[in-house]
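# Report on the structure
Letter by letter, the chains look like this.
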Amino acid sequence: MSKLIRGGRVLDPASGLDDMHDLLIEGDKIKDLGPPGTLGKKSASVEVIDADGLWVVPGLIDLHTHLREPGEEYKETILTGSQAAAAGGFTSICCMPNTKPPNDNSAVTDFILRRAAEADLVRVFPVGAISQGQKGEMLAEYAELREAGVVAVSDDGIAVMNSQLMRRALEYAQVFTLPVISHAEDRDLAGDGVMHEGVVSTRLGLREIPSAAEDVMVFRDCCLAELTGGRVHIAHVSSAGAVELVRQFKAKGVQVTAEATPHHFTLTDEALENFDTNLKVNPPIRSSVDLTAIQQGLADGTIDAIATDHAPHSTIEKDVEFDYAAFGMIGLETALPLTLRLVDQGLLSPLKAIEKLTSNPARIIGVDLGRLTPGLPADVTLIDPNREFTVEVKQFRSKSRNSPFQGWELRGKTVTVLRDGKIIFTEKNISG
Amino acid sequence: MQFRKKDLLGIKQLEPEEINLILETAETFKEISTRPIKKVPTLRGRTVVHLFYEPSTRTRTSFEIAAKRLSADTFNISASTSSIVKGETLLDTARNLEAMNPDVIVLRHSAAGAPHLLARYVQASVINAGDGMHEHPTQALLDLLTIKEKKGTISGQTIAIIGDIAHSRVARSNIWALTKMGARVLVAGPTTMIPHDLDKLGVEVFYRPEDVIPEADVIMMLRIQLERQGQMLLPSLREYACIFGLNEEKLSQAKPDVLIMHPGPINRGVEISPAVADGPYSVILDQVNNGVAVRMALLYLLIGGEKDE
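Residues numbered from 1 in each chain as written. Chains lettered and ligands numbered in written order. Predicted model: local features only at pLDDT ≥ 70, side-chain atom pairs only at ≥ 80, totals over all residues. Heavy atoms only, no water.

All names here are of chain A. Considering all chains together, one arrives at zero disulfides over all chains under this definition. Residue Cys223 stays outside any disulfide, its sulfur separated by 7.2 Å from that of Cys222, the closest cysteine. The class for Cys223 is partly exposed, based on a relative accessible area of 27%. (Disulfide = S-S within 2.5 Å. Buried < 20%, exposed > 50% of the residue type's maximum accessible area, 1.4 Å probe, protein only.)

Shown next, in the form of structure tokens:
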């Protein structure tokens, strides 16, 4: 069975292709790309997908998703998270290990992969824990985790405070070519803070998390990467200082990569004035200075990837006092249009924007995906870049609703998503 | 002018004209509390619920007296004796209260923004009686009334706020209130208790009390919470009292007509010496007295008058 995606603007960051092209899929693989009308004979066995006016890009890859299963299935499951991902244009997602129990052993990894296979939607790449039980004391068994299928290790959500443990993780992970994802937060400095430290926290009387809580740990982990030759990936960069540190260590040739979330490059702490608990995230949404630095870091390549930090919570965790609310917001179904705002603002070219959602994250986790190359799996996303819509959280596929973007007018919508040549999401009729 | 807001969540949301209206209304209500029979029928048949998640003597009693002098029916719910100890959430408590049709819910809560959350879910008017470190608007209003009474005007006065600014909802509400009313605000306290970018709130920031006392028409001392000792914010209460506490020696540099205020409860010998607290410049008990009048005014403006239909 073949599929011909016809008449679209193909954006393939890995090859630099940005042109009107057709794309032919045979079975589960990309077969060929070529100028309009040059591919595929008109045959009844070729299913034609009309991409007129659409972008045709590699399936998006999210480095940072919380699927909550096992343990908190009332917030999200691997199935609902996969549905949300597909609706958001993703064909691959990396799920963080802070489930209950945490993914620190192959039994949990196997379970996640089995559930993902049952869902049969997006690829789910589990991230294993850095430390046993994410307790920050002993290394988890990376050989066993790698064998089971993890693509990286992280104690996301619970920063590794012990510098010696972080050093050993960066050393040991190299044996198994695993990047170490750093949730960079000095937990003593962050204390019981709930928002960014600045004039807004001063006005609101909310306990604060200084940028320094992030900066000192980014510096530490970059130093340790330099010391060990290990590969560190800084998750959800939120501060101007962290952007600058990553820039400097990259310039020195240290193996550091970084991601930023749509909420950190879209919002500032001024938005918290109404105590909306959906804006309570960790790391916190910071000042306009930080926002500008993150946007600049994305533009100049300091920040390699855009990742959602999709963190589902129910009303039980969110319809409470700000101090008591859980950290996190969902993001899989708004990441793409929020990224396209950076294109509208002239900060990123379309190709660069797509790069940060496809080939760059693929490179960071070392998977051969995220590009439109004949012979590779046919993971393809069709986007209508001009479609305007109003965010309506009630229509989200995610099981949770904790998004502060409710009611926002955005542009850019996922139309069709194929994984392994199979349509896993579509909102349009496919013409024959 | 009419007071059109449903709730009183903070001073931040008030216009100077609204603040003046509250103060003028409070002035007219003060007389009621001097009568032999201290009660008027203004709010007869109205229901005021006092929902207190934190301990309070002064504020709760003041609200209750204010409501009763206006003939409203009052009910007190405190965290320790209610379903709150059984784990009921604020919103569930609010929904249940709402089902009993109160006209006003007065909320004291340890979490900033709790009254804002409540106000979004209930029809009743919500009065913030202190939310975490955020605001304590009725305290600021009674402070304004006290300054206005003693000094004749608020605009142009120099007010020094001394102590733990970072953790003080009284300081935050007073900074809003005083700057809106045209006063000059100086703050002083240990650097560990001065929050980030405080100067951007329109105040001048100093560290030592000596730097602000000579210029002040009014000195507001803030309560130091004794548990701050364990939080690396100060080495000892002894050192705090020596450097940042107000005693007669420091007060000797003050203007001859200075007013000393304190929101209470005071720690005698820590942020304020007994001689100063009980001395001739202290208007601490006038503040308490004005608290009743301000709260009567607010209840009247929120649920009295025109909204009666």
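Let us now look at the interface of chain A and chain B. With 19 residues of chain A at the interface, the matching set in chain B holds 23 residues. Taken over both partners, the interface formed by chain A and chain B buries close to 1700 Å², and the fraction arising from carbon and sulfur atoms is 58%. Lys12 of chain B serves as the salt-bridge partner of Glu273 of chain A, at 2.5 Å between the closest nitrogen and oxygen. Summed over the shared surface of chain A and chain B, the number is seven residue pairs in polar contact (both at pLDDT 80 or more). Here the side of chain A that touches chain B is composed, by residue class, of seven nonpolar, five polar and seven charged. (Contact = heavy atoms within 4.5 Å. Buried area = accessible area lost by both parts, 1.4 Å probe. Salt bridge = Lys/Arg side-chain N within 4 Å of Asp/Glu carboxyl O. Polar contact = N/O pair within 3.5 Å; in protein donor to acceptor, adjacent residues only side chain to side chain. Nonpolar A, V, L, I, M, F, W, Y, C, P; charged D, E, K, R; others polar.)

What follows is about the sheet that holds strand S4 (residues 125-131) of chain B. Backbone-to-backbone hydrogen bonds join strands into a sheet, with any given pair of strands oriented parallel or antiparallel. Residue and element names in this part refer to chain B. Spatially, four strands are ordered S2-S1-S3-S4 in an open sheet, and the strand pairing comes out parallel. The open sheet has two edge strands, strand S2 (73-78) and S4, and neither has a second partner. Averaged over all neighbouring strand pairs, the angle between strand axes comes to 15°, with direction disregarded. Of the strand pairs in this sheet, strand S3 (residues 104-109) and S4 are connected by five bridges, and their pairing is parallel. Its bridge partner lying in S4, Val106 is registered against Ile127. Running over the sheet, helix H3 (residues 90-98) touches strand S1 (47-52), S2 and S3 and is turned about 165° from S1. (Pairing = 2+ DSSP bridges. Helix = DSSP H or I, 4+ residues; strand = E, 2+ residues; numbered from the N terminus. Axes fitted to C-alpha atoms, helices over the stretch in contact; angles between N-to-C directions.)

Another point: the pairing of strand S6 (residues 184-188) of chain B. Residue and element names in this part refer to chain B. Counting buried residues in S6 gives four out of five residues, a clear majority hidden from the surface. In this fold, the crossover linking strand S5 (residues 158-162) to S6 by way of helix H6 (residues 169-180) has right-handed handedness. Relative to strand S7 (residues 204-206), S6 is paired through three bridges, and the arrangement is parallel. By the bridge assignment, Ala188 is partnered in S7 with Phe206. (Right-handed = clockwise from strand over helix to strand, strands pointing away.)

Turning our eyes to something else, we now look at empty space enclosed by the protein. Residues and elements named next belong to chain B. Across all of its chains, the model carries eight cavities of 30 Å³ or more by this definition. Space inside the largest cavity adds up to approximately 70 Å³. Listed by contribution, the elements that provide at least two residues to the lining of the largest cavity are helix H2 (58-69), helix H5 (137-151) and helix H10 (284-303). The element that contributes the greatest number of residues to the lining of the largest cavity is H10, accounting for four residues. Split into classes, the residues belonging to the lining of the largest cavity amount to three nonpolar, six polar and two charged. (1 Å grid on protein atoms, 1.4 Å probe; cavity = no way out; pocket = protein on both sides within 12 Å on 5 of 7 lines; lining within 4 Å. Points joined across faces, edges and corners; volume = space filled by probe spheres on them.)

Core analysis: the biggest nonpolar cluster contains 86 residues, and Leu141, Leu144, Ile161, Leu178, Val187 and Leu299 of chain B have the highest contact counts within it. Among the elements that take part in this core, H10 of chain B stands out by supplying 10 residues, more than any other. Those residues in contact with Leu141 of chain B, other than ones at most four positions away along the chain, are Leu8, Ile11, Ile19, Ile22, Leu23, Val294 and Leu298 of chain B. Among the nonpolar cores identified, the runner-up in size contains 73 residues, and Ile93, Leu224, Ala335 and Ile383 of chain A belong to it. (Core = buried A, V, L, I, M, F, W, Y, C linked by side-chain atoms within 4.5 Å.)

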